[in-house]
Structures are given as C-alpha cells and as structure tokens.
Amino acid sequence: ARGLESMMPIRLVLADAHPLILAGLQYLFHQEDDFQVLACCRDGEETLQAVRQHRPHVLILDFRLPGKDGWAVLNELAAESPLVHVVLLTDALDVEEALQASRLSVSGVVLKEMADRLLLPCVRKVHAGERWVERGSISRALDTLLRREAAARELAKLLTPRERELVDWVGRGLSNRDIAAKLGISEGTVKIHLHHIYKKLQVSS
C-alpha cells in the first residue's frame, strides 16, 4: 500500500489573486510527474469551494486574496478540519503574519521571489508531513518574534500582575489619568507603580 501511495500524484489546489502567477504556478507543477493541479482559484470563496470539492493534499495559498482573504480561508478550514496541508506563497511576511501563520498551523511558507527554486521541494516535504519555512527569507520576522517572546517572559519574571497590566496600558498610549480611571485607582498610585516599574526595568520613562 505504501508503494502504491508513493506512486500517486500530490493533489494540489492553487490560490492567488493574480492570473499570471496562477498560470506560472500551474506550468511549474505540470512539468513534474508527481503533481496534479485540481483547481486554480483567484478569490477566497472559490478557494474554499475547491478545497471542499476536491480534497487536495496541499493548498498553495496567497493570503492577500480578494473577498475572503487567505487568513479567513485558513480560519474556515481550521474550523472544518479538512485533511489539507497549507503552503503560504507570499511577497513578504512580517512578525504578526508569521505568528498568525504559526497559530493556524500553516505547514510551509515560501516567498514568491524564490518560488521557482523552493516551492517544489517545499510542497513535497509538506506532503510528507514535515514543515518548511525558508528561514533566510523571513529570519528577521522570526528573530523579532522570538525576541518579543523572550522579553515577555522576562517581564513576567520581573513584574507583578498589576505592573504588567499597567505596562500594557502604557504601551497602548493611555495617559496616567486614563489608566487610573480604568483600574479604579488614583493617578498618584499609577505614578508610584510606574516608578517601581521603571526601576525594575532600569529605564527612565
């Protein structure tokens, strides 16, 4: 059975807003014997219908689709729990998008500028149950994310829950008066908390 499975093509649905990119992707996969393109989609709703109808092994997804964008597509698919691996094909990936992709269990990420070299091996690995992230291309986003998580863990060690709450409100740009009103304490108490926070973090403001 395993040998038969290895001979079966990897079934794909392609989703990108640009027809030229879709045509290029379709050509790329058609040159290989181990892929079968089931559908090419240009918006989110069409992509969802194609995945539900064809049950592909892998969905190649541009998350900047018109209508329902790629994130909406991923959320709906996650709720339905279909057996489909997702590879994000993107122009760029910032910190928040890298985090969101991780939360939505995206299996692979490839930048469009490197798709001609990396997309085929990425899809093969993802289909085999592995994860693929082209680290060189999005290392800055991932490094920033890791530093942010490390800083959050350090804050959790240094600050009390109340102090962390104040830091959150300060980070959102609220004034001392607004923070006091939200927490039901005096403005003077807020200033005392902030003084302790600055001292712990060794900052002046």
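To be clear, the structure that these remarks concern was listed above.
### A look at the overall build of the protein
Then, number 1: Of regular secondary structure, the protein possesses 10 helices and 6 strands.
Then, number 2: Residues counted as buried form 38% of the 205 residues belonging to the protein.
Then, number 3: Residue pairs in contact within the protein that sit at least 24 positions apart in sequence constitute 60% of those at least 6 positions apart.
Then, number 4: Carbon together with sulfur atoms contributes 52% to the accessible area of the protein, which is approximately 12,000 Å² in total.

### Re the packing of aromatic side chains
In this description, a pair of aromatic rings is defined by centroid distance and the angle of the planes.
Then, number 1: Counting across every chain of the model gives 2 aromatic pairs.
Then, number 2: Between F29 and F35, the ring centres sit 4.9 Å apart and the planes meet at 70°, which makes this aromatic pair edge-to-face. Considered together, F29 and F35 belong to a single accessibility category, that of buried residues.

### So, the packing of helix 8 (residues 161-171) against helix 10 (residues 187-201)
Then, number 1: Where helix 8 contacts helix 10, the two axes come as close as 10 Å, and the packing angle between them is 95°. Viewed along their axes, helix 8 and helix 10 adopt a mutual orientation that is roughly perpendicular. Taking contact as the criterion, the partners of R162, E163, L166, V167 and V170 in helix 8 are, on helix 10, V190, H193, L194, H196, I197 and K200.

### Thoughts on the packing of helix 3 (residues 44-54) against helix 4 (residues 70-80)
Then, number 1: Remark: helix 3 packs on helix 4, axes separated minimally by 10 Å, with the N-to-C direction vectors making an angle of 30°. Here helix 3 lies roughly parallel to helix 4, going by the angle between them. Crossing of helix 3 against helix 4: the hand is right-handed. Residues G44, T47, L48, V51 and R52 of helix 3 form the contact with helix 4, whose participating residues are V73, E76, L77 and E80.
Then, number 2: Grouping the amino acids of the contact of helix 3 with helix 4 by side-chain chemistry returns 4 nonpolar, 2 polar and 3 charged.

### Describing unusual backbone geometry
Then, number 1: For R55, which is not a glycine, the phi torsion comes out positive at approximately 50°.
Then, number 2: Overall, R55 belongs to the partly exposed group, its relative accessible area being 49%.

### Quick notes on the sheet that holds strand 5 (residues 108-111)
Then, number 1: Here we have 6 strands laid out as an open sheet, ordered 2-1-3-4-5-6, and parallel in their pairing. This sheet does not close on itself; its edge strands, each paired only once, are strand 2 (35-41) and strand 6 (132-133).
Then, number 2: Where strand 5 meets strand 6, 2 bridges bridge the pair, whose relative direction is parallel. Note that in strand 6 the partner of G108 across the bridge is W132.

### Here's the deal with the environment of L48
Then, number 1: With respect to the helices and strands, the residue L48 is situated in helix 3.
Then, number 2: Residue classification places L48 among the buried residues on the basis of a relative accessible area of 0%.
Then, number 3: In the structure, L48 is positioned 29 residues away from L77 in sequence and 7.7 Å away in space, judged by C-alpha atoms.
Then, number 4: Those residues in contact with L48 that lie beyond four places of it in its chain are K68, V73, E76 and L77.

### Here's the deal with the pattern of salt bridges
Then, number 1: All told, the structure shown has 11 salt bridges when counted by the stated rule.
Then, number 2: In this structure, the salt-bridge partner of K68 is E45, at a minimum N-O distance of 3.0 Å. A residue pair is termed long-range when its members are at least 10 positions apart, and K68 in the loop between strand 3 (58-61) and helix 4 and E45 in helix 3 qualify at 23 residues.
Then, number 3: Taking the shortest distance from any N to any O, the salt bridge between K68 and E76 comes out at 2.6 Å.
Then, number 4: For K68, a relative accessible area of 30% gives the class partly exposed.
Then, number 5: Look at E76 and you get partly exposed, because its relative accessible area is 26%.
Then, number 6: Here the salt bridges share partners, and the residues they tie into one network are E45, R52, K68, E76 and E80.

Here is what the cut-offs are and how they apply
Residues numbered from 1 in each chain as written. Predicted model: local features only at pLDDT ≥ 70, side-chain atom pairs only at ≥ 80, totals over all residues. Heavy atoms only, no water. Helix = DSSP H or I, 4+ residues; strand = E, 2+ residues; numbered from the N terminus. Buried < 20%, exposed > 50% of the residue type's maximum accessible area, 1.4 Å probe, protein only. Contact = heavy atoms within 4.5 Å. Areas by Shrake-Rupley, 256 points an atom, 1.4 Å probe, with all protein chains shown as cover. Phe/Tyr/Trp six-rings, centres within 6.5 Å; stacked < 30°, edge-to-face > 60°. Axes fitted to C-alpha atoms, helices over the stretch in contact; angles between N-to-C directions. Parallel < 35°, antiparallel > 145°, perpendicular 65-115°, else oblique. Left-handed = near helix turned anticlockwise from the far one by under 90°. Nonpolar A, V, L, I, M, F, W, Y, C, P; charged D, E, K, R; others polar. Pairing = 2+ DSSP bridges. Salt bridge = Lys/Arg side-chain N within 4 Å of Asp/Glu carboxyl O.

In short, geometric facts, not functional conclusions.
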